[in-house]
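Below, each chain spelled out in residue letters.
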Amino acid sequence: MADLESFRGEVRTWLEAHAPASLRGRPGDLFHGTWGGRRARFESDDHRRWLELMVERGWTAPTWPTEYGGGGLSRQENAILQKELRRLRLPPPLIGFGLVMIGPTLLEYGTEEQKREHLPPITRGEIRWCQGYSEPGSGSDLASLQMSATRNGDGFVLNGQKIWTSYADESDWIFCLVRTDPSAKKQAGISFVLVDMADPGVTTRPIKLISGASPFCEVFFDDVHAHARNVVGGENNGWTVAKALLRHERTMVGEVFARSVVGGEQELLQLARTAIGPSEGRLDDALLRDRIAQSAMDERAFMLTVQRIQDAAKAGQPPGTESSILKVYGTEHNQRRRELAVAIAGADALGWEGAGYAPEHLALTRDWLRSRGNTIEGGTSEIQLNIIAKHVLGLPDGGAR
Amino acid sequence: MKLALDDDQRLIKDSAATLWKGRGAVARLRQLRDTRDPDGFSRALWAELAELGWLGLPFPEDVGGAGLGVTELCLVLEEAGRTLAPEPMLATTLLAGSALLLGESDAARSSWLPRLAAGELVGTLAWQERARRDEPVSCTAVARSLGDGRVTLHGSKREVIAGAQADLVIVAAKDEASGQLGLYAVPGDAAGLVKTPLIRVDSFPCARLDLDGVEVSAAARLGGAGLLATVLDRAGVGLAAEALGAMTAAFELTLEWLRERRQFGVPIGSFQALQHRAARLYIDIELCRSVVMAAARTADAPAAPAAALAQAASLALARTTDTFLRVVDEAVQMHGGVGMTDEHDIGFYLKRARVVAATFGDAAWHRDRWARLAGY
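Counting starts from 1 at the beginning of each chain's written sequence and moves along it residue by residue. Written order determines the labels here, with chains lettered from A and ligands numbered from 1. Totals for whole chains, interfaces and linings use every residue, but because this is a predicted model, local features are given only for residues with pLDDT of at least 70 and side-chain atom pairs only at 80 or more, for both listing and counting.

1. Some remarks on the overall build of chain B
To qualify as a helix, a DSSP run of H or I must reach at least 4 residues; to qualify as a strand, a run of E must reach at least 2; elements of each kind are numbered from the N terminus. The number of helices and strands found in chain B is 11 helices and 10 strands. Its C-alpha atoms put chain B at 80 × 45 × 40 Å along the principal axes. Once C-beta atoms have been placed from the backbone, residue pairs whose C-beta atoms lie within 7 Å are recorded as contacts. Long-range pairs, those at least 24 residues apart, make up 75% of the contacts in chain B with a sequence separation of at least 6.

2. Focus: the pairing of strand β3 (residues 155–166) of chain A
All names here are of chain A. Bridge count for strand β2 (residues 148–152) against β3 is 5 bridges, and the pairing is antiparallel. Its bridge partner being in β3, arginine 151 is matched across the sheet by phenylalanine 156. Between any two strands, pairing holds if DSSP finds at least two bridges. Two successive antiparallel strands, β2 and β3, enclose a turn made up of 2 residues, where glycine 153 displays a positive phi of approximately 60°. Relative to strand β7 (residues 216–227), β3 runs antiparallel, the two sharing 9 bridges. Among the inter-strand pairings, glycine 155 is bridged to a residue of β7, identified as histidine 227.

3. Remarks on the packing of helix α8 (residues 286–314) of chain A against helix α9 (residues 324–345) of chain A
Helix-helix packing is characterised by the crossing angle of the two axes and by the distance between the axes. Residue and element names in this part refer to chain A. Where α8 meets α9, the closest approach of the two axes is 11 Å, and the angle between their N-to-C directions is 155°. As judged from the angle between their axes, α8 and α9 are roughly antiparallel. Relative to α9, the crossing made by α8 is left-handed. Facing Leu288, Arg291, Ser295, Asp298, Glu299, Phe302 and Val306 of α8, the residues of α9 in contact are Leu326, Tyr329, Gly330, His333, Arg336, Arg337, Leu340 and Ile344. Residues belonging to the contact of α8 with α9 are distributed by class as follows: 7 nonpolar, 3 polar and 5 charged. Orientation is described by axes fitted as lines to C-alpha atoms, over the contacting stretch for helices, and by angles from 0 to 180 degrees between their N-to-C directions. Oblique is the label for any angle not under 35 degrees, not over 145, and not in the 65 to 115 range, which are roughly parallel, roughly antiparallel and roughly perpendicular in turn. Left-handed is the label given to a crossing in which the near helix is rotated counterclockwise from the far helix by less than a right angle, and right-handed is the label when the rotation is clockwise. Amino acid classes used here: Ala, Val, Leu, Ile, Met, Phe, Trp, Tyr, Cys and Pro are nonpolar; Asp, Glu, Lys and Arg are charged; the rest, including Gly, are polar.

4. Considering the interface of chain B and chain A
Every contact between the two is made by 35 residues of chain B and, on the other side, 37 residues of chain A. Of all the elements in the fold, those that place two or more residues in the side of chain B that touches chain A are α7 (225–260), β10 (266–267), α8 (272–300), α9 (306–335) and α11 (363–373) of chain B. Among the elements that line the side of chain B that touches chain A, the one with the most residues is α8(B), at 14 residues. Of the residues assigned to the side of chain B that touches chain A, the class counts are 22 nonpolar, 6 polar and 7 charged.

5. Some words on the domain arrangement of chain B
Interface size is commonly expressed as the accessible area that is lost once the parts come together. All names here are of chain B. Domain segmentation is taken from an automatic or database assignment of domains. For chain B, the domain assignment lists domain 1 (7–122), domain 2 (125–223) and domain 3 (226–373). Here domain 2 and domain 3 have C-alpha centroids that lie 29 Å from each other. Looking at the side of domain 2 that touches domain 3, the elements with two or more residues in it are β5 (181–187) and β8 (221–223). Of the residues contributing to the side of domain 2 that touches domain 3, the split by class is 10 nonpolar, 1 polar and 4 charged.

6. Overview of unusual backbone geometry
A negative phi angle characterises most non-glycine residues, just as the trans form characterises most peptide bonds. Residues and elements named next belong to chain B. Phi is positive for serine 203, which is not a glycine, with a value near 65°. The topology assignment puts serine 203 in the loop between β6 (193–197) and β7 (206–216). In this structure, phenylalanine 264 is a non-glycine residue whose phi angle is positive, near 55°. By the element assignment, phenylalanine 264 lies in the loop between β9 (262–263) and β10. Any residue whose C-beta has 12 or fewer other C-beta atoms within 10 Å is treated as exposed, any with 20 or more as buried, and any in between as partly exposed, C-beta atoms being built from the backbone. Owing to 9 C-beta atoms within 10 Å, phenylalanine 264 belongs among the exposed residues under this scheme.

7. Quick look at the environment of A:Glu16
All names here are of chain A. Structurally, glutamate 16 is set in helix α1 (residues 2–18). Residue glutamate 16 is classed as exposed on the basis of its 11 C-beta neighbours within 10 Å. Residues glutamate 16 and leucine 88, 72 residues apart in the sequence, show an inter-C-alpha distance of 8.6 Å.

8. Some thoughts on the nonpolar core
Residues and elements named next belong to chain B. Core membership is restricted to buried Ala, Val, Leu, Ile, Met, Phe, Trp, Tyr and Cys residues, and these are joined into a nonpolar core through C-beta atoms within 7 Å. Leu153, Ile170, Val171, Val292 and Ala295 are the most contacted members of the largest nonpolar core, which totals 162 residues. Considering each element in turn, this core owes the most residues, 18 residues, to α7. Those residues within four positions of valine 171 in sequence are excluded, and the remaining contacts are Ala126, Ala141, Leu153, Lys157, Tyr184, Val186 and Leu211.

9. Concerning the domain arrangement of chain A
Domain annotation for chain A reports domain 1 (2–123), domain 2 (129–236) and domain 3 (262–392). Taking the mean C-alpha position of each, domain 1 of chain A and domain 3 of chain A sit 29 Å from one another.

10. Section: α11(B)
Those residues of α11(B) not exposed but buried are B:Ala363, B:His366, B:Arg367, B:Arg369, B:Trp370 and B:Ala371. Packing partners of the buried residues in α11(B) comprise α8 of chain A together with α9 of chain B. At the exit of α11(B) stands B:Gly375, carrying a positive phi of roughly 85°.

11. A look at the confidence of the model for chain B
The pLDDT value expresses, per residue, how confident the predictor is, ranging between 0 and 100. Summing up the model confidence of chain B, the mean pLDDT is 96 and the portion of residues at 70 or higher is 100%. With pTM at 0.91, the complex prediction returns an ipTM value of 0.95.

12. Considering α1(A)
An α-helical turn contains 3.6 residues, so a residue and the one three or four places further along point in the same direction. A helix is expected to span 1.5 Å multiplied by its residue count minus one. Over its 17 residues, α1(A) runs 24 Å from end to end, which matches the ideal 24 Å to within 8%, given 1.5 Å per residue. Taken across its 17 residues, α1(A) has 1 buried, putting it largely on the surface.

Rendered as structure tokens:
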């Protein structure tokens, strides 16, 4: 305990001395911050300096072992570090799928060689990763994927296509599920392979969404050579690795939504007060009051559930089944909230672009459109409900997918 | 605020689960109903609850309590709710008990609380007069001054939980001269108090009370409108915990049925149309658990302002009443034919959900209160 307190003191002193003043009071989240990579962009010089300082301490990946560029912190020490970062409302020095997806997966399933090759560049923000799972013919039925990996000398030749790959056009390496044994039962013939996207034969194309944004890409593989040493978890064992990573992703997505929904009540109220105005001290629309209160109470119930899951983990209780609900509920709540926002704004939320509409109203409309994808990406709500029904509630498998 | 149980709390919850399961679960309520039991609950079990210290869980030790909180009591109420136990714990410990505990009359506190904790007495609160869903507290009953603090109470109250069995009734009445609301502790056998049992849909004990000049002393006045609001919020949290237990049990009954019942040669639980509905109920029940735990801890937080408890209680009640109704509707539907029969237990949960939803204001009323508290 005394050790932890002296650690807290040390962290606080160091942060007070080193954290750039311009970044204090500007917290980011898992999707807003410095992504790093070969083509890294920094919002400011202080963002670059903040990354360099934290890399030196290993605090871009605080709990990873120091030999792989991490900070070697215990869970309790990391909790203290995160708390101190929040206290100064500092952004994370580095974000990305390397830190939250492939890194933890390599720590669990990677060989010593793989860890030494791939983890340090992630912690230093030098390599940006993306996830190649879905294919045009394999969405919810992910295990039916067809991208082929044919044995050739010291590795494989990859041919096929991935789709819905987040930020592939800005990434350096991709972790892919590929079919190494077409004759095996579908889950059994899959391998998990790492590919450098600078290698010949890899091309990417952004997909424009209904919101106008292009966070997803298609990735094409045309006779791409992959080394055998870049297969993670063993040949034809990729499904096990993939599932572990997906579980990680779903919890992460739920927590991201938990953070992004905070403050929904005030945002909706501000819109409503502008659009409708008060009467006798209350918002002059009883139906709208009810909808805003419902949304606010949904948000609060969701946040309390996130907290309950975290508190149970902190108390050392075995992880319960509750986290399976975060993805479904968090995304659906976000959709209802975005719907309500554009409904309140009325005609002001009908603009697409241009000077005829206020920028904040244009953003509302884009956010609403973007939110429609929340219940599809990262595993559809329907797939999540299948998982809850079978694995949490123990209902019999009837072959229905 | 920590939303996890410690070892002692886990022990209380486990003992409560064992106790009610061992007493015949819903079959006990059915028997009390079918035999038209005049008490409507088990006196023997009541004595056991007192023996375990559960009737005084949130009372301090100087009045015979366990010195714990609403959080611990809610664990017991949740387990009671699973088997639809009709013992008037909520009325005695959270309604009457909170009014005495937080009220301003030391005489009433020290004379009544030890006997409530010891299980010698059943207590309750009479606050409702009208049927309106949008106005859980209605009060036209009056307190007429006789001088030197003594008053006579006049009026009628309905839906008084365990009103016919109560040895102590806390009555809400307005001072005839000032119009100020007050809470008065009235002995159950007071002259001028007429108790008429009501047979309600959930088979839990309940009564109408008529007060025709019931005389009480100055020491019987416990507090005013602020006290009543806090008492109702504490009891609301308790009712939400009970509802959480009841909906969980109704859901588990349904899951068992989905696994066992076969049609078209397979268990009906293998049908995706039913699986997804069950999964959605599970999500909503888990959210209920979070808001109930948070509300109980807010009730126990020493520095929490009344408005914080009000918001937490409204959140817990709005969510649990809505979800309880939805769970039981779905449970009856998924049970199919047997779900329509009196013989099956699931109908008891449906009936209880209706009463719970109309006890401290429905979900829409609590959403409106949330909005008012948040300034819109």
